[in-house]
Amino acid sequence: MRKFEVVTGFEGVVVIPTRATKGSAGYDIHICRNYDTYIKPGEVVMFDTGIKAQFPEDEVLMLFIRSSLGFKKGLILSNAVPIIDSDYYNNEDNEGHITLSITNVGNETQVIPPNARVAQGVFLKYYKTDDDNAEGERVGGIGSTGK
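None of the values given here were measured: they were computed from a predicted structure. (Residues numbered from 1 in each chain as written. Predicted model: local features only at pLDDT ≥ 70, side-chain atom pairs only at ≥ 80, totals over all residues. Heavy atoms only, no water.)

Enquirer: Can you help me understand the overall build of the protein chain in this one?
Expert: Counting secondary structure elements, the protein chain contains one helix and 11 strands. Its helices and strands taken in sequence order, the protein chain reads β-β-β-β-β-β-α-β-β-β-β-β from the N to the C terminus. Whereas a compact globule of 147 residues would reach a radius of gyration of roughly 15 Å, the protein chain reaches 16 Å, a difference of no more than 12%. Based on the C-alpha atoms only, the size of the protein chain along its principal axes is roughly 50 × 35 × 35 Å. Residues counted as buried form 40% of the 147 residues belonging to the protein chain. Taking contacts inside the protein chain between residues at least 6 apart in sequence as the whole, the part at least 24 apart equals 75%. For the protein chain, the exposed surface amounts to about 8700 Å²; the carbon and sulfur share of it is 50%. Side-chain charges in the protein chain split into 15 positive and 20 negative, and the spacing between the mean points of these groups amounts to 11 Å. (Helix = DSSP H or I, 4+ residues; strand = E, 2+ residues; numbered from the N terminus. Rg over C-alpha atoms; globule rule 2.2 N^0.38 Å. Buried < 20%, exposed > 50% of the residue type's maximum accessible area, 1.4 Å probe, protein only. Contact = heavy atoms within 4.5 Å. Areas by Shrake-Rupley, 256 points an atom, 1.4 Å probe, with all protein chains shown as cover. Lys, Arg positive; Asp, Glu negative; His and termini not counted. Charge placed at Lys NZ, Arg CZ, Asp CG, Glu CD.)

What follows is the structure, encoded as structure tokens:
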């Protein structure tokens, strides 16, 4: 099973990601804000998406800034290419809520309109080494692995 769901508390205000065309690899991810957000040069802003993703254990969801925001506005995702692991879904800290951190690396203040599409999510299969023996269990949300 592979799907996006609404995180508790965001019902009725979230746009579930979709692909824009039949040839699109990425699912467009919207921010969950109903007002303009101004991002000054050098500033980092966190955005809720109100979504979580469920997918098979041997896959990863990778997030990328929409090319129009990168090329035209000088905006990047603060952690380059966020990796969402399958066991992030429904974790006890944040239910698997996908949040985005955007940095303005340009020289001008940029405006993100309400509910804008800011990122794309791409599901990819990954492989393990023959001698892989990872047995740890996720105990929380962002930054919890290895604690």
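From this point, things continue past the structure.
Enquirer: Please explain the sheet that holds strand β7 (residues 75-77) as it appears in this structure.
Expert: Within a sheet, adjacent strands bond to each other through the backbone by hydrogen bonds, running parallel or antiparallel. Spatial strand order, β4-β9-β7: three strands in an open sheet with antiparallel pairing. Only two strands of the sheet have a single neighbouring strand rather than two, namely β4 (44-48) and β7. On average, each strand axis in the sheet is tilted by 30° relative to the strand beside it, whichever way the strands run. Bridge count for β7 against strand β9 (residues 99-104) is three bridges, and the pairing is antiparallel. (Pairing = 2+ DSSP bridges. Axes fitted to C-alpha atoms, helices over the stretch in contact; angles between N-to-C directions.)

Enquirer: I'm lost on the sheet that holds strand β2 (residues 27-30) in this one. Help?
Expert: Across the sheet, which stays open at both edges, the four strands sit in the order β2-β11-β6-β8 with antiparallel pairing between neighbours. The open sheet terminates on both sides in strands that have one partner only, identified here as β2 and β8 (83-85). Mean inter-strand twist for the sheet, computed between neighbouring axes without regard to direction, equals 30°. Note that strand β6 (residues 59-65) and β8 share three bridges and pair antiparallel. Of the residues in β8, the one forming a bridge with methionine 62 is isoleucine 83.

Enquirer: When you look at the environment of tyrosine 88 in this model, what are you seeing that I'm missing?
Expert: Of note, tyrosine 88 is situated in the loop between β8 and β9. The class of tyrosine 88 is buried, set by a relative accessible area of 6%. Separated by 51 residues in the primary sequence, tyrosine 88 and valine 139 have C-alpha atoms spaced 9.3 Å apart.

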